Amino acid sequence: MSDTLRHGVIQSVILAGLVIFCVPGHAAPTQRVPLEQASTAGSELSRQPMQALDMLIGQWALTSTERTPDGDALQARGTRTCRWALNGTAIRCDDRFDLFGSLNGAARPVSVADSLFYLSFNGHTGLYEYTYYSPDMPELHTVPASFDAALRTLTGSAWITDEFGEARLAMNESRLLGSDRIEETVSVHRPGEAERLELLEISLVRRADRPAPIIHF
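To start, this report covers the structure provided alongside it.

**Re unusual backbone geometry**
And step 1. If you check the backbone angles, L86 has positive phi at about 55 degrees while not being a glycine.
And step 2. One can find L86 in the loop between strand 3 (73-85) and strand 4 (90-97).

Next comes the structure, spelled out in structure tokens:
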């Protein structure tokens with residue numbers, strides 16, 4: 001094993017291998033509306049559901065633990081900063097990691113690429129959407145997600161292919177446990193099986209309530 005551990009392998013593989021399957025259909029005839037009116041209506045359609053996720057806004061201490069198939073636990077720490085973006089129709093979250101983490105509890109250098117994602121609401125599908133950006137990914141990927149307001153849980157899923165070309169189901173579950181704590185899991189399953197092949201656990205503890213508003217895309 002190298003001196004610098006490559007943490008975040010599961011997440012990189014999941015995001016780099018995402019394949020979203022869409023079923024084409026016939027679009028129903030629609031009435032034309034002025035562009036300004038359509039834009040305003042679309043913004044409101046997105047803005048209102050996003051308010052249910054307002055607690056995400058803030059700065060969070062991030063701990064990411066990757067459970068490898070050989071039983072190792074690779075841990076990295078950093079900061080996630082979430083801000084309102086795009087006139088209140090999306091939330092942008094930036095993840096930054098420290099240079100040092102641990103392997104099975106022993107301090108070691110780690111290597112984790114900075115990344116960010118946008119969380120928005122698609123009024124046409126009625127689903128939330130994660131759009132991921134990372135230097136490890138050659139293309140952008142959007143993952144649909146549903147929000148259970150009673151359980152305060154966001155669940156996203158997408159089909160991926162592993163290095164052998166086999167279909168796998170990747171799932172991202174974010175549990176909003178309170179105003180100051182969020183727990184996330186990213187897991188990979190065989191189709192039709194509940195057992196996890198791979199697992200990434202992310203714990204978030206609030207550091208600050210309201211970071212400065214974003215000033216670029």
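There's plenty left to go through after this.
**Here we look at the state of the cysteines**
And step 1. Taken as a whole, this structure holds one disulfide when the rule is applied.
And step 2. In this model, C82 is linked to C93 through a disulfide, with the two sulfur atoms separated by 2.1 Å. Across the S-S bond of C82 and C93 the torsion is about 115 degrees, and the bridge reads as right-handed. Taken together, the residues span a long stretch of sequence, with C82 in strand 3 and C93 in strand 4 at a distance of 11 residues. Exposure class is identical for C82 and C93. Each is buried.

**Here we look at the side chain of D94**
And step 1. Of note, D94 is situated in strand 4.
And step 2. Here the side chain of D94 touches R96 through a polar contact of 3.4 Å, side chain to side chain.
And step 3. Apart from residues no more than four positions distant in its own chain, D94 is found in contact with T79, R80, T81, R83, S115 and L116.

**Re the pairing of strand 4**
And step 1. Of all eight residues that make up strand 4, seven are buried, and the element is covered over most of its length.
And step 2. Taken together, the eight bridges between strand 3 and strand 4 define a ladder with antiparallel strand orientation. Paired with T81 across the strands is D94, a residue of strand 4.
And step 3. Linking strand 3 to strand 4, which pair antiparallel, is a turn of four residues; within it L86 sits at a positive phi near 55 degrees.
And step 4. Sheet topology places strand 4 next to strand 7 (residues 115-122); six bridges connect them, and they run antiparallel. From the neighbouring strand, D94 faces strand 7, where its bridge partner is L116.

**Notes on the pairing of strand 7**
And step 1. The element strand 7 is extensively covered by neighbouring structure, given that eight of its eight residues are classed as buried.
And step 2. Of the two faces of strand 7, the one holding S115, F117, L119 and F121 and the one holding L116, Y118, S120 and N122 are both buried throughout.
And step 3. As paired elements, strand 7 and strand 8 (residues 127-133) share seven bridges and run antiparallel to each other. Residue pairing across strands places L119 opposite Y130, the latter belonging to strand 8.
And step 4. Linking strand 7 back to strand 8 in an antiparallel pair, the connection comprises four residues, with G126 at a positive phi of about 75 degrees.

**With respect to the nonpolar core**
And step 1. L53, I91, L119, Y128 and Y130 are the most contacted members of the largest nonpolar core, which has 30 residues in total.
And step 2. Ignoring anything within four residues of it in the chain, the contact list for Y128 reads P49, M50, A52, L53, L119, S120, F121, V143, P144, A145, F147 and L154.

**Section: the environment of Y118**
And step 1. With respect to the element layout, Y118 can be found in strand 7.
And step 2. Residue classification places Y118 among the buried residues on the basis of a relative accessible area of 7%.
And step 3. With 24 residues separating them along the chain, Y118 and D94 place their C-alpha atoms 9.0 Å apart.
And step 4. At 3.3 Å, the side chain of Y118 forms a polar contact with the side chain of R92.

**A look at the pattern of salt bridges**
Any two side chains of opposite charge can pair, given that their charged atoms come close.
And step 1. On inspection of all chains with the given rule, the structure shows nine salt bridges.
And step 2. We note a salt bridge from R96 to D114, for which the minimum N-O separation is 3.6 Å. Of this pair, R96 sits in strand 4 while D114 is found in the loop between strand 6 (106-109) and strand 7, placing the two residues 18 residues apart along the sequence.
And step 3. For R96, a relative accessible area of 37% puts it in the partly exposed group.
And step 4. Under the relative-accessibility criterion, D114 is labelled partly exposed at 37%.
And step 5. Via salt bridges that share partners, R92, D94, R96 and D114 belong to a single interconnected network.

What counts and how
Residues numbered from 1 in each chain as written. Predicted model: local features only at pLDDT ≥ 70, side-chain atom pairs only at ≥ 80, totals over all residues. Heavy atoms only, no water. Helix = DSSP H or I, 4+ residues; strand = E, 2+ residues; numbered from the N terminus. Disulfide = S-S within 2.5 Å. Buried < 20%, exposed > 50% of the residue type's maximum accessible area, 1.4 Å probe, protein only. Polar contact = N/O pair within 3.5 Å; in protein donor to acceptor, adjacent residues only side chain to side chain. Contact = heavy atoms within 4.5 Å. Pairing = 2+ DSSP bridges. Core = buried A, V, L, I, M, F, W, Y, C linked by side-chain atoms within 4.5 Å. Salt bridge = Lys/Arg side-chain N within 4 Å of Asp/Glu carboxyl O.

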